[in-house]
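As a plain string of letters, each chain reads:
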Amino acid sequence: MILRRASIADREAIERVGLDADERFRDAGHPELCDGGAMPPHVFEAAVAKGTLGVAEVDGAIVGWIYEGRIEGELCIGQVSVAAALSSNSSAGSFVRGRTSLSATTRRSGSA
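Residues numbered from 1 in each chain as written. Predicted model: local features only at pLDDT ≥ 70, side-chain atom pairs only at ≥ 80, totals over all residues. Heavy atoms only, no water.

### Some details on unusual backbone geometry
Then, number 1: The phi dihedral of D59 is positive, around 50°, even though this residue is not glycine.
Then, number 2: The phi dihedral of E72 is positive, around 50°, even though this residue is not glycine.
Then, number 3: By the element assignment, E72 lies in the loop between β3 (61-71) and β4 (74-82). (Helix = DSSP H or I, 4+ residues; strand = E, 2+ residues; numbered from the N terminus.)

Structure, rendered in structure tokens:
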């Protein structure tokens, strides 16, 4: 697996991974987390320019991405999306085998 900063050329693959993740939220019973939309072009372009959008590649294909942000000056993960299907022959196949999804949620202190 290769981790690197995203480029403008990665847009279509990043959108595909994000939309795939939306479908899994819907299938897991969380339609409220599935907006069916892609990252707005101006947000995508700004993130690429600032170096706050990263991708994971397996066998030359983008299989995930991470968007970094800040809340009250603190670095945070704005979103992580990972492709549902990774080849069992890929270098990441053993990590995802048998898992259908993984959700990481953070809340501010005092929130329920």
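There is more to say, and it comes next.
### Description of the pattern of salt bridges
Then, number 1: For the structure on display, the rule yields five salt bridges.
Then, number 2: One continuous salt-bridge network, built from bridges that share partners, spans R4, D10 and E57. (Salt bridge = Lys/Arg side-chain N within 4 Å of Asp/Glu carboxyl O.)

### Structural notes on the sheet that holds strand β1 (residues 2-5)
Then, number 1: The four strands lie next to each other as β1-β2-β3-β4, forming an open sheet whose pairing is antiparallel. Of all strands in the sheet, those with a lone pairing partner are β1 and β4, marking the two edges. This sheet shows a mean twist of 25° between the axes of neighbouring strands, independent of strand direction.
Then, number 2: With four bridges connecting them, β1 and strand β2 (residues 53-58) associate as antiparallel partners. If you follow R4 over to β2, its bridge partner there is V55. (Pairing = 2+ DSSP bridges. Axes fitted to C-alpha atoms, helices over the stretch in contact; angles between N-to-C directions.)

### A look at the environment of F44
Then, number 1: Checked against the element boundaries, F44 lands in helix α2 (residues 41-50).
Then, number 2: Its relative accessible area of 2% is what places F44 among the buried residues.
Then, number 3: Residues F44 and S7, spaced 37 residues apart in sequence, show a C-alpha to C-alpha distance of 9.5 Å. (Buried < 20%, exposed > 50% of the residue type's maximum accessible area, 1.4 Å probe, protein only.)

### So, the confidence of the model for the chain
Then, number 1: Taken residue by residue, the chain gives an average pLDDT of 77. The fraction at 70 or more is 71%.
Then, number 2: Looking at the elements of the chain, mean pLDDT is at its lowest for helix α3 (residues 93-96), recorded as 50, and at its highest for α2, recorded as 94. (pLDDT = per-residue confidence, 0-100.)

### Section: the pairing of β2
Then, number 1: Among the six residues of β2, six are classified as buried, and the element is accordingly described as predominantly covered.
Then, number 2: Burial along β2 is two-sided: L53, V55 and E57 and G54, A56 and V58, pointing in opposite directions, are all buried.
Then, number 3: By the bridge criterion, six bridges tie β2 to β3 in an arrangement that is antiparallel. Looking at the pairing, A56 lines up with G64 of β3.
Then, number 4: Turn length for the β2-β3 hairpin, with the two strands adjacent in sequence and antiparallel, is two residues, and the turn residue D59 shows positive phi of about 50°.

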